[in-house]
Each structure stands twice: as structure tokens, then as C-alpha cells.
Amino acid sequence: MTRLAKLLAPAGLVLAATAALPAQAQVDGRMASVDVTRTIIGTTAFQTSYEQVNTTYAQQNELRRTKAQERQTMLAKFDKNADKQVDETEQAAMQKSADFPKLQALEQEIQGLSNQIDGARVFAIEQIIMQYGSALQDVTTAEQIKVVLDPGTVLFAVPEMDITPKVTAALNARVPAVGVVPPAGWQPSREGVQVYQEIQQRLALAAQLQQQQQAAPAPQGDTAAPVGR
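Here's a quick rundown of the structure.

Calculation criteria
Residues numbered from 1 in each chain as written. Predicted model: local features only at pLDDT ≥ 70, side-chain atom pairs only at ≥ 80, totals over all residues. Heavy atoms only, no water. Salt bridge = Lys/Arg side-chain N within 4 Å of Asp/Glu carboxyl O. Buried < 20%, exposed > 50% of the residue type's maximum accessible area, 1.4 Å probe, protein only. Helix = DSSP H or I, 4+ residues; strand = E, 2+ residues; numbered from the N terminus. Expected span 1.5 Å × (residues − 1). Arc of directions from axis to C-beta. Contact = heavy atoms within 4.5 Å. Phe/Tyr/Trp six-rings, centres within 6.5 Å; stacked < 30°, edge-to-face > 60°.

Some points on the pattern of salt bridges
By the definition in use, this model includes 11 salt bridges. Notably, a salt bridge pairs Arg 38 with Asp 35, separated by 3.9 Å at the nearest N-O pair. When its relative accessible area of 37% is taken as the criterion, Arg 38 is described as partly exposed. A relative accessible area of 14% places Asp 35 in the buried class. Ionic pairing is found between Arg 202 and Asp 35, a salt bridge with its closest N-O pair at 3.3 Å. You can see Arg 202 sitting in helix 9 (residues 190–215) and its partner Asp 35 sitting in the loop between strand 2 (31–33) and helix 3 (36–41), a full 167 residues away along the chain. Residue classification places Arg 202 among the partly exposed positions, given a relative accessible area of 33%. Through salt bridges with shared partners, a single ionic network connects Asp 35, Arg 38, Asp 162 and Arg 202.

The following block contains the structure:
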């Protein structure tokens, strides 16, 4: 059983982590798979919350960008071989320079701003996670599903078994919107941070694939001259 399965499984529902699926179980719909990360990404609450974070924390985001540029400018002074990196020798010289305390202060400011922005996203995700178990139970009850599999453990994916879109729809009904401003004293949970990191990895991979597709040359048509009779 995966970590997310343990975290999000509703009471009474068995979650399996095996590829040995009885054929009859697949046919009668009593066994299914769900992608937790894709489920959360697909919700309206998640998509709206990310847009809200960009708006609500626009000032912090702009300040972070400015501080990061300032940091890069300072680091460039120590990049003697112009390889866009600070190696061990260059780092030793940097630590002895008068600019090093300012550089450390910049690092702390950038980290603090990043924590505010990332924290807002984790806060939003945690609100969705809280309803995930109930949404999954809604779907499994309606579909009479007894076993839910993590798709990562299934050797042969069966599209008909995937209930991810249905769980997303159930989540949309249960949590149509979430807040992005954590209350005073709020601290992100370990599970919330882990789910956030998994989501960020999935989004980064999707963006990378999109860039590769856009950069790929367009397929050439058949330019060969027609052959006469």
C-alpha cells in the first residue's frame, strides 16, 4: 500500500498494491484504480487556488524575482571562469568577501518569500485532501467497488478501471473552492508538503513535455513528384 493510499483511504475500502488482478474482478467493476495526484490537479478548487495564489501573492512573487536577480548579479562577480556556476574555489573566495553577509541575507529573504507562496499552495491542497477520502467513498459506493489500486503498481493499465475523473467530479461537488491565506499559526503538514511536491513534479514534467512538443519540427508533407503513368 502506498503512502497516499494509507493517508487517503476511507474506512472500509481495501486498497491493493498488486498487479495480480482477477479477470472477473476487472469485468464486474469491483476493482478500480485511481491516480491521487491527477485527481487533485483536475479539481476546479486546485486550478482556481493556483490562480488566486498568483494574484494574492503577486507582491511577494515580484519581490522574490527582484531579490533573485540581485543574488545572481552578486554571484556573477565570483564566477571567474564564466561557467554560470560558483565552484568550490570560487565559493571559498565568496565566503571571505565583504559581500557574503549580504548574500546570506538575500538567501534568507528569498527563502522566506518562497515559503509564503509555497505555503499558500500547500494550504489549498490540504483543504482538498481533507475531502478526498469522502469523495473516493462516494464513487466506490456508487460503483460497488471493493478494491482500489494505485496505478503505479499495476503492470498492465486498464483504462476502464480508471475512476480518477469520477473522483475528481466528486471532489468538485464536495469542495468547489478553497482559501489561499493560511490562518495565523498555521503550519503545513508533512503529508500536505509531500503531496504538493508530487504535484509540482507532475506539473513540471507536463510543462517540459509541452515545450518539447512545441520545439519539435513540424512534420513535412510528401513533396515527392507524382509518378506518371
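A few points about helix 5 (residues 58–76)
What sets the pattern is the α-helix's 3.6 residues per turn: residues three or four places apart point alike. With 19 residues, helix 5 should reach 27 Å at 1.5 Å per residue; the first-to-last C-alpha distance of 27 Å fits that figure. Here helix 5 has its buried residues at Gln 60, Lys 67, Met 74 and Leu 75. Buried residues in helix 5, looked at end-on, bunch into an arc of 95 degrees, giving them a common side. Packed against the buried residues of helix 5 are helix 4 (44–56), helix 6 (88–96) and helix 7 (100–143).

Some points on the packing of aromatic side chains
If you walk through the whole model with that rule in mind, you get two aromatic pairs. Ring geometry for Phe 46 against Tyr 50: centres 4.4 Å apart, planes inclined by 40 degrees, an arrangement best described as tilted. Taken as a pair, Phe 46 and Tyr 50 lie in helix 4 at a separation of four residues, close to a single helical turn. The pair Phe 46 / Tyr 50 is uniform in exposure class, with both members buried. Aromatic pair Phe 123 and Trp 186: ring centres 5.4 Å apart, planes at 75 degrees, arrangement edge-to-face. Taken together, the residues Phe 123 in helix 7 and Trp 186 in the loop between helix 8 (164–174) and helix 9 connect sequence positions 63 residues apart.

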